[in-house]
Each structure stands twice: as C-alpha cells, then as structure tokens.
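The residues making up each chain are set out below.
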Amino acid sequence: MLPEPYRLHHRADFSRTVRHGRRVGRHDLVVHALLTPVSIENVRSGGPRFGLIVSKAVGNAVVRHRVARRLRHICAGVAGELPVLADIVIRALPGAATVDSAELDRQLRSALRRLLPEASPSEPPTLESGRLS
C-alpha cells in the first residue's frame, strides 16, 4: 500500500499539479506530473507524492474504491523510480474499472516515462537560471 507521506491531500496541491504540470493521456488514465525545484522551503523527506481522482463516471462506490486501491498499489511500485520532488495526479477514466491491473500499470509507467524522461530518483531537479534542469 502507499504510505501516507507519498499521498497528495490538499486541494491546492492537486490544483497546482493539474494546472502547472505536464499531462499525458492514455486509454484508461490521464496522468499529470509536476517537478518542483529544490529550495529551502520545499525540501521533503520520503518520495514522490501521488493524488488520485476517480469520479462517479468510473462506477459506483465499490468500483471506484477498487480502482483507487489498485492505483495506490501500482503507485507504491513505481515510487522508487521517480524523483523525490515529483507530484503526480492520476485521473481514472471509465475504462479503468474493467481493465486489469497489469494494463493499468503499463499505462501509468508509459505515461510517466513520457512525462519524466530524464528524471532519476537519485538526482532531484535543481533551480538554475529559473529553469528546471
């Protein structure tokens, strides 16, 4: 399961990631990612933070919770491969309810490779000349 420090909780964090981050759509998921530059104010321990959006379009409460649990499990598996200062928001589309976990995992990893191609867990982004490098 995904430990507490790896979760986005506040609406402002979700909004910032969705509005200012990059986005990639897959068949059953839309993934938003935002890398925050290293500074004194935002140094955090743990790893990347994940937020999930599973709307009523996905299904009833039982189905939505099942999809969210599956996505949290997948996020726990990829957390070690992402930069510490990454915020990731995953929006489940209606097809996520019927597709198997292996396919969701494949779609998420594919989206993250596209969003964070040069990212490595050992090197967080730095702020140089106002740009992420």
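- As annotated in an unreviewed UniProt entry, the chain carries the name Ribonuclease P protein component and is attributed to Nocardia albiluteola.
- Turning to the chain, the UniProt annotation filed under Subunit (unreviewed entry) states: "Consists of a catalytic RNA component (M1 or rnpB) and a protein subunit."
- In its Sequence similarities (unreviewed entry) section, the UniProt record describing the chain reads: "Belongs to the RnpA family."

1. Section: the side chain of R49
Working step 1: With respect to the helices and strands, R49 occurs in strand β3 (residues 49-54).
Working step 2: A residue is classified by how much of its surface remains accessible, and R49, at 16% relative accessible area, is buried.
Working step 3: Side-chain polar atoms of R49 contact the side chain of D87, separated by 3.0 Å.

2. Details of the packing of helix α2 (residues 61-78) against helix α3 (residues 101-115)
Working step 1: Taken N-terminus to C-terminus, the directions of α2 and α3 make an angle of 50°; their axes are 10 Å apart at the nearest point. On the basis of the axis angle, α2 is oblique to α3. Of the two elements, α2 crosses α3, and the hand of that crossing is right-handed. In contact with R70, L71, I74, C75, G77 and V78 of α2, α3 contributes S101, L104, D105, L108, R109 and L112.

3. Describing the sheet that holds β3
Sheet strands associate in pairs through backbone hydrogen bonding, adopting either a parallel or an antiparallel arrangement.
Working step 1: Taken together, four strands build an open sheet; the order of strands is β1-β2-β4-β3 and the sheet is mixed. Looking at which strands have only one partner, the edges of the open sheet turn out to be β1 (22-25) and β3. Averaged over all adjacent pairs, the angle separating strand axes in this sheet is 15°, with direction ignored.
Working step 2: Running at roughly 95° to strand β2 (residues 29-35), helix α1 (residues 11-20) makes contact with β1, β2, β3 and β4 (86-92) of the sheet.
Working step 3: Lying on the sheet, α2 is in contact with β2, β3 and β4; it crosses β3 at an angle near 160°.

4. Here's the deal with the layout of surface pockets
Working step 1: Considered as a void within the structure, the second largest pocket measures approximately 210 Å³ in volume.
Working step 2: Lining the second largest pocket are L2, R7, L8, F50, G51, L52, I53, V54, R64, H65, A68 and R72.
Working step 3: Counting residues per element, the ones that place at least two in the lining of the second largest pocket are β3 and α2.
Working step 4: A per-element tally of the lining of the second largest pocket places β3 first, with five residues.
Working step 5: Residue composition of the lining of the second largest pocket, by class: seven nonpolar, two polar and three charged.

Quick notes on the rules
- Residues numbered from 1 in each chain as written.
- Predicted model: local features only at pLDDT ≥ 70, side-chain atom pairs only at ≥ 80, totals over all residues.
- Heavy atoms only, no water.
- UniProt positions renumbered as here; feature names shortened; annotations may be inferred.
- Helix = DSSP H or I, 4+ residues; strand = E, 2+ residues; numbered from the N terminus.
- Buried < 20%, exposed > 50% of the residue type's maximum accessible area, 1.4 Å probe, protein only.
- Polar contact = N/O pair within 3.5 Å; in protein donor to acceptor, adjacent residues only side chain to side chain.
- Axes fitted to C-alpha atoms, helices over the stretch in contact; angles between N-to-C directions.
- Parallel < 35°, antiparallel > 145°, perpendicular 65-115°, else oblique.
- Left-handed = near helix turned anticlockwise from the far one by under 90°.
- Contact = heavy atoms within 4.5 Å.
- Pairing = 2+ DSSP bridges.
- 1 Å grid on protein atoms, 1.4 Å probe; cavity = no way out; pocket = protein on both sides within 12 Å on 5 of 7 lines; lining within 4 Å.
- Points joined across faces, edges and corners; volume = space filled by probe spheres on them.
- Nonpolar A, V, L, I, M, F, W, Y, C, P; charged D, E, K, R; others polar.

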